[in-house]
Amino acid sequence: MICIGHRGARGYAPENTLVSIELAITQGAPWVEIDVRELRGELVVIHDETVDRTTDGTGLLSQFSIAQLQQLDAGKGQQIPLLTQVVDLIDQRAVLNIELKDSASAPLVLALIEDYVNRGWSLDNFIVSSFFHHDLHWLKQQYPALRIGVLSAGVGMSYAVFAQELSAYSINLCGESINQQIIDDAHQRQLKVMVYTVNSASQCLALQAMGVDGIFTDFPSDMINLLA
Ligand code: G3P
Ligand code: MG
């Protein structure tokens, strides 16, 4: 079972910042997850649609220019990064799981990944996930080889069918609603099962015993050491 750095290593550093992402990699996370939103034609790495919780500013993201956004302190003197800064920082040392937090980010993420692949990067450096299944469907139509992870907060009546219909790589489920039936159903459909957000040793070990393939965790080093 792999440990995916959630918003970098947000248990130890300000979430979705370059230091947080670098820390997740140095702690040994093979994948790092971050959240992206579109702002004025750029891709910015932030979870919420406001800057209130994660910076020293207030207001909707949409009220800011990119330059204004980069004036904000995202914790410990860090800036809100652009997605290109994150990709360049990682530089193929880990798989980057890009979670789309809005529909407008989908075509921009596609263009960015195509650009890096055209420059010789392996497509395996990227995976795109989202709760917005129609945007994942659109991405898969545009770029069938792109790996996608389909996020869901609950377990529906048809288990993992919706992820198979999207030709997804994985189904990414909330740890509070996961059960053995959906894990087994996903595996029968050749889908990986990733679970968010797992920060306790007992839950981590229980999910490993259930056959889960990966966990998103705020504490990559703790979970990696536990599983070693
Ligand atoms: O991708 C897993 C997880 O990040 C999804 O939820 O709200 O933490 O982005 P959230
Ligand atoms: Mg996320």
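**Examining the coordination of the magnesium ion (ligand 2)**
Right, so step 1: Of the protein atoms, only Glu33 (OE), Asp35 (OD) and Glu99 (OE) coordinate the magnesium ion (ligand 2), at distances of 1.9 to 2.2 Å.
Right, so step 2: In primary-sequence terms, the residues that donate to the magnesium ion (ligand 2) follow E-x1-D-x63-E.
Right, so step 3: A relative accessible area of 3% means that Glu33 is categorised as buried.
Right, so step 4: For Asp35, a relative accessible area of 0% gives the class buried.

**Comments concerning the site of ligand 1**
Right, so step 1: Around ligand 1, the structure places His6, Arg7, Glu33, Asp35, His47, Glu99, Lys101, Phe131, Leu151, Tyr196 and Phe216.
Right, so step 2: For ligand 1, an oxygen atom lies 2.7 Å from a polar atom in the side chain of Glu33.
Right, so step 3: Between ligand 1 and Lys101, the relevant distance is 2.8 Å, taken from an oxygen atom to a side-chain nitrogen or oxygen of the residue.
Right, so step 4: Each residue belonging to the shell around ligand 1 can be placed in one class, and the counts come to four nonpolar, two polar and five charged.

**Digging into helix α5 (residues 133–142)**
Right, so step 1: Inspection of α5 places Asp135, Leu136, Leu139 and Lys140 among the buried residues, and these make up the whole buried set. Each buried residue of α5 lies within a common arc of 140° when the element is viewed along its axis, so the set occupies one face. Projecting away from the buried face of α5 at angles above 90 degrees are the exposed residues His134 and Gln141.
Right, so step 2: On its buried face, α5 sits against β4 (95–100), α4 (105–118), β5 (126–130) and β6 (148–152).

Quick notes on the rules
- Residues numbered from 1 in each chain as written.
- Chains lettered and ligands numbered in written order.
- Predicted model: local features only at pLDDT ≥ 70, side-chain atom pairs only at ≥ 80, totals over all residues.
- Heavy atoms only, no water.
- Donors = N, O, S within 2.8 Å, 3.2 Å for Na, K, Ca; no water.
- Buried < 20%, exposed > 50% of the residue type's maximum accessible area, 1.4 Å probe, protein only.
- Near = heavy atom within 4 Å.
- Polar contact = N/O pair within 3.5 Å; in protein donor to acceptor, adjacent residues only side chain to side chain.
- Nonpolar A, V, L, I, M, F, W, Y, C, P; charged D, E, K, R; others polar.
- Helix = DSSP H or I, 4+ residues; strand = E, 2+ residues; numbered from the N terminus.
- Arc of directions from axis to C-beta.
- Contact = heavy atoms within 4.5 Å.

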